[in-house]
Amino acid sequence: MISKQELAEGIRFAGRRVAAAAERKKDWDYQLGHQWTSGDAYRHIAAVAGAAPRLYPLLGAGVLDAVTGAAAAQNNAAAIAALKEKSREEVIQAILDGQEASAKFVEGLDEADLATVVKLGGYEMEKAELVAQIWIHHPIAHAYEASARWPIT
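Residues numbered from 1 in each chain as written. Predicted model: local features only at pLDDT ≥ 70, side-chain atom pairs only at ≥ 80, totals over all residues. Heavy atoms only, no water.

K.L.:
Summarise the environment of S38; cite the residues concerned and give the values.
P.N.:
Inspection of the secondary structure assignment puts S38 in helix α2 (residues 38-49). A residue is classified by how much of its surface remains accessible, and S38, at 0% relative accessible area, is buried. Setting aside its immediate chain neighbours within four residues, S38 contacts K25, D27, W28, Y30, L32 and A146. At a separation of 2.6 Å, a polar atom in the side chain of S38 contacts the main-chain carbonyl oxygen of A146. (Helix = DSSP H or I, 4+ residues; strand = E, 2+ residues; numbered from the N terminus. Buried < 20%, exposed > 50% of the residue type's maximum accessible area, 1.4 Å probe, protein only. Contact = heavy atoms within 4.5 Å. Polar contact = N/O pair within 3.5 Å; in protein donor to acceptor, adjacent residues only side chain to side chain.)

K.L.:
Give a description of the packing of aromatic side chains that names residues and reports values.
P.N.:
Taken as a whole and assessed by the stated rule, the structure comprises 2 aromatic pairs. Taking the centre distance of 5.2 Å and the plane angle of 25 degrees together, the rings of W28 and Y42 count as stacked. Separated by 14 residues along the polypeptide, W28 in the loop between α1 (4-24) and α2 and Y42 in helix α2 bring together distant segments of the chain. You'll find W28 and Y42 in the same group, each marked buried. (Phe/Tyr/Trp six-rings, centres within 6.5 Å; stacked < 30°, edge-to-face > 60°.)

K.L.:
I'd like a description of the pattern of salt bridges, backed by residues and values.
P.N.:
One pass over the full model with this rule turns up 7 salt bridges. Across the pair R43 and D40 runs a salt bridge whose closest N-O atoms are separated by 3.1 Å. In this pair, R43 and D40 are both assigned in helix α2, 3 residues apart and thus about one turn of the helix distant. Across the pair, D40 and R43 agree in class, each one buried. The partner of K127 in a salt bridge is D113, and the shortest N-O contact between them spans 3.0 Å. (Salt bridge = Lys/Arg side-chain N within 4 Å of Asp/Glu carboxyl O.)

K.L.:
I'd like to hear about the packing of α2 against helix α5 (residues 88-107), residue by residue, with values.
P.N.:
Relative to each other, α2 and α5 sit at 30 degrees, their axes nearing to 7 Å. As far as their axial angle goes, α5 and α2 are roughly parallel. Considering how the two elements wind past one another, α2 and α5 form a crossing that is left-handed. The segment α2 lies against α5, with Y42, R43, I45, A46 and A49 engaging V91, A94, I95, G98, Q99 and S102. For the contact of α2 with α5, the class distribution of residues is 7 nonpolar, 3 polar and 1 charged. (Axes fitted to C-alpha atoms, helices over the stretch in contact; angles between N-to-C directions. Parallel < 35°, antiparallel > 145°, perpendicular 65-115°, else oblique. Left-handed = near helix turned anticlockwise from the far one by under 90°. Nonpolar A, V, L, I, M, F, W, Y, C, P; charged D, E, K, R; others polar.)

K.L.:
Explain the environment of V48 to me, using residue names and the numbers behind them.
P.N.:
Summarising the element assignment, V48 is placed in helix α2. Note on V48: relative accessible area 17%, which makes it buried. Sequence-wise, V48 and P139 are 91 residues apart; in three dimensions their C-alpha atoms are separated by 8.7 Å. V48 has contacts with I134, W135 and H138, leaving out every residue within four places of it along the chain.

Here it is in structure tokens:
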């Protein structure tokens, strides 16, 4: 299992890597392979970046199991829309600030609670590993997607 310190460091690292990708992405209006643009993907990351204090208590509580794919998509669309008028710089800063807030939150968590195995959708793993999925893997995956990966034209 990932340690609390590795988790906090990873969350900060992910924020910095996403910010670097967002700064270098020239066309934020680039249409991805679904309804989002590159900018929308970064807005989505910004909206979720600081959510650890709100979402962590729900892990293993059964609340998130009731969220449907359609409800998640609707929430994501609303969060993206709420950030549409923000500048690129503001979105990037929200990513960095949010990831920092989530990392600080994680630093205050109990190691024993982080080691608690919970089920969430197709996952069955320690809370720490779910947090890594949401605040490390998830933002990096979206940043990679938003960068309009190879082949670059």
